[in-house]
Amino acid sequence: MRLSCLAAALYPSPPLSADPEITGLAYDSRQVTPGALFFALRGVAADGHRFIGQAVAAGAAAVVLEDPSCAPAGIPCLEVPDARLALAKLASAFHGHPTAGIPVVGITGTNGKTTTTYLIEAMLDAAGVPAAVLGTVSYRLGDFELPAPHTTPESADLQQVLRKLVDRGARGIVMEVSSHALEQRRADGCRFDVGVFTNLTPEHLDYHHDMASYLASKRRLFSELLTPDADKPRRRAVINGDDPEGAGLAAAAACPVITFGINGTPAVTVRNPVCSVAGISGILVTPAGEIPFRSEMLGRFNLSNILAAAGTGVALELPLTAIRAGIERHRKVPGRMERVPNDRGVTLLVDYAHTGDALENVLKTIAALDGRKVISVFGCGGDRDRSKRPVMGDVAGRYSDLAIITSDNPRTEDPTAIVSQVRAGILPLGLREFRPEELLPGVDEKGFTTVENRRDAIRLAVRLAQPGDIVLLAGKGHEDYQIIGTTKHHFDDREEAAAAFRGETA
């Protein structure tokens, strides 16, 4: 594709000194191949302008940059005010605008994004629309799957993945849109039909620094990326009316809004809801009519996810029967309240809950199930938001009969220091602190302990659990690794729990 054709995706289009053939896009000078268009992005740790020389030496045919003083001699340069925005728009054009002409749903929020994508995928499938899903777990279409190094990849990679999925037969796209992606304009090349807001609780404050900035990044999906245009004139926002930030996001939306929730008078809600150990049931109420439903998912927070997906189905004008079928037939979500089978009569659940709000939602749900004893195993990631560590300690202490603090991707931090900061949130509750070696199966006194090694912590929880007890392994969910230092080591909570039930010690 000629550079001039790509540049037409920018408005106003920068002047060109030459019009070379562009064979690829690169934002990392180490990935440049001959004929590539190199984007000099300003990152958190490095400025791409410093690597323009390396990109040219590797064969870059042209450069997109913000600082004209860094322009190399002899090759055309596109000077733009925002290189990340230019990358998003040009990547979409380079890959033939894969999100044009098909329904595209973007979901943002702190918790519930992944589960909601699976529900919407099932609804679209029931309506005869094969949909690709991009998110925290994977990028996939049916049995075709690609690894997901990021919830929302950099725009050049995102558009390439979208093109692959559309070429394989995707006729709809459902994707998680992270706050980082919105802040860094990774999703700006996507043409969304529906944007969904699940909720907002403290998370990623190591990057955004405060809740106002975190919220502002989420707001972009609704205030900017959902503006109706000739390509997609019927864009809709689906917003959680139960969340304190929902009203503000609805007011900022550039398109009509469909609210969902349990309280007040949202457009999509539920009558006669029942949440039990058997699942969730009720009467789904929508602007298109009412219909009964039943789901095997657990908890009030999953009822909110169901309503978010149903609101999306309404926005996409799916039949109510397809919406119900999606709720009732949706696939198991890896690492989201995922059961690990065993012959001990213990309910062991693996969940990705890694924020205070998510952990509280899960623990409150399982603590209310038939008065069963709850043993939780959890930790907090290193090199990430430290403010949530005592909060998660407090939550686990309040809603667990026994809370076991352990490691969860300590990265370059000292695991002992992380555990200590989590422990500081439990201490004010006045609970008994057990030494691991003094704990025996059937312990009746509410309390907590610390086991820094996650494998040992899981084995302890399994050893202590009695028939009818519930063990929650929280934080890692679908992840199959532990990051210690800067190295990834294979580690899967589900595998570790199964091995512990089998009595394996190595």
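Now for a quick tour of the structure. (Residues numbered from 1 in each chain as written. Predicted model: local features only at pLDDT ≥ 70, side-chain atom pairs only at ≥ 80, totals over all residues. Heavy atoms only, no water.)

1. Points about the overall build of the chain
Across its full length, the chain holds 16 helices and 24 strands. With the C-alpha coordinates aligned to their principal axes, the bounding extent of the chain is approximately 80 × 55 × 40 Å. Burial status across the chain gives 56% buried among its 506 residues. Once local pairs closer than 6 in sequence are excluded, the contacts in the chain between residues at least 24 apart make up 66%. Here the chain has roughly 20300 Å² of accessible surface; of this, 50% comes from carbon and sulfur atoms. Of note, the chain has its 53 positive side-chain charges centred 2 Å away from the centre of its 60 negative side-chain charges. (Helix = DSSP H or I, 4+ residues; strand = E, 2+ residues; numbered from the N terminus. Buried < 20%, exposed > 50% of the residue type's maximum accessible area, 1.4 Å probe, protein only. Contact = heavy atoms within 4.5 Å. Areas by Shrake-Rupley, 256 points an atom, 1.4 Å probe, with all protein chains shown as cover. Lys, Arg positive; Asp, Glu negative; His and termini not counted. Charge placed at Lys NZ, Arg CZ, Asp CG, Glu CD.)

2. Examining the packing of helix α4 (residues 113-126) against helix α10 (residues 300-315)
The geometry of α4 relative to α10 is characterised by a closest axis approach of 9 Å and an angle of 45° between their N-to-C directions. The orientation of α4 relative to α10 falls into the category oblique. Crossing of α4 over α10 shows right-handed handedness. Along the contact surface, α4 presents Thr-115, Thr-116, Leu-119, Ile-120 and Met-123, while α10 presents Asn-302, Asn-305, Ile-306, Ala-308, Ala-309, Ala-310 and Thr-312. Per-class residue counts for the contact of α4 with α10 are 7 nonpolar, 5 polar and no charged. (Axes fitted to C-alpha atoms, helices over the stretch in contact; angles between N-to-C directions. Parallel < 35°, antiparallel > 145°, perpendicular 65-115°, else oblique. Left-handed = near helix turned anticlockwise from the far one by under 90°. Nonpolar A, V, L, I, M, F, W, Y, C, P; charged D, E, K, R; others polar.)

3. Here we look at the nonpolar core
If you look at the biggest cluster of nonpolar residues, it comprises 35 residues, and the most contacted ones within it are Val-105, Val-174, Val-268, Leu-284, Phe-293, Leu-307 and Ile-323. It is α10 that contributes the most residues to this core, 8 residues altogether. Those residues in contact with Leu-307 that sit more than four places away from it in its chain are Phe-260, Gly-261, Ile-262, Val-268, Thr-269, Val-270 and Leu-284. Counting 33 residues, the second largest nonpolar core, distinct from the first, contains Ile-102, Ala-132, Ala-170 and Ile-239. (Core = buried A, V, L, I, M, F, W, Y, C linked by side-chain atoms within 4.5 Å.)

4. Structural notes on the sheet that holds strand β3 (residues 62-65)
Pairing is parallel across the open sheet formed by 4 strands, whose spatial order is β1-β2-β3-β4. Each edge of the sheet is formed by a strand with only one pairing partner; in this case those strands are β1 (24-26) and β4 (77-79). Taken pair by pair, the neighbouring strands of this sheet meet at an average axis angle of 20°, ignoring direction. Across 3 bridges, strand β2 (residues 36-39) lies against β3 in parallel orientation. Paired with Phe-38 across the strands is Val-63, a residue of β3. Contacts between helix α3 (residues 83-94) and the sheet are confined to β1, β2, β3 and β4, with β2 contributing the most and set at about 155° to the helix. (Pairing = 2+ DSSP bridges.)

5. Structural notes on the packing of aromatic side chains
Throughout the structure, instances matching the rule amount to 0 aromatic pairs. Stacked on the ring of Tyr-118, the Lys or Arg Arg-140 has its end atom at 4.1 Å from the ring centre. We note Arg-168 situated over the ring of Phe-144; from NZ or CZ to the ring centre the distance is 3.8 Å. (Phe/Tyr/Trp six-rings, centres within 6.5 Å; stacked < 30°, edge-to-face > 60°. Lys NZ or Arg CZ within 6 Å of the ring centre and 35° of its normal.)

6. Section: the sheet that holds strand β21 (residues 447-450)
Whenever strands of a sheet pair, they do so through backbone hydrogen bonds, lying parallel or antiparallel. Across the sheet, 7 strands lie side by side as β16-β17-β22-β18-β19-β21-β20; this open sheet has mixed pairing. If you trace the sheet from one side to the other, it starts and ends with β16 (338-339) and β20 (432-433), each paired once. Judged from the 5 bridges that link them, strand β17 (residues 347-351) and strand β22 (residues 470-474) form a sheet pairing that is parallel. By the bridge assignment for β22, Leu-349 is matched with Leu-472. In the packing of helix α12 (residues 356-367) onto the sheet, contacts are made with β17, β18 (374-378) and β22, and the angle to β22 comes to roughly 170°.

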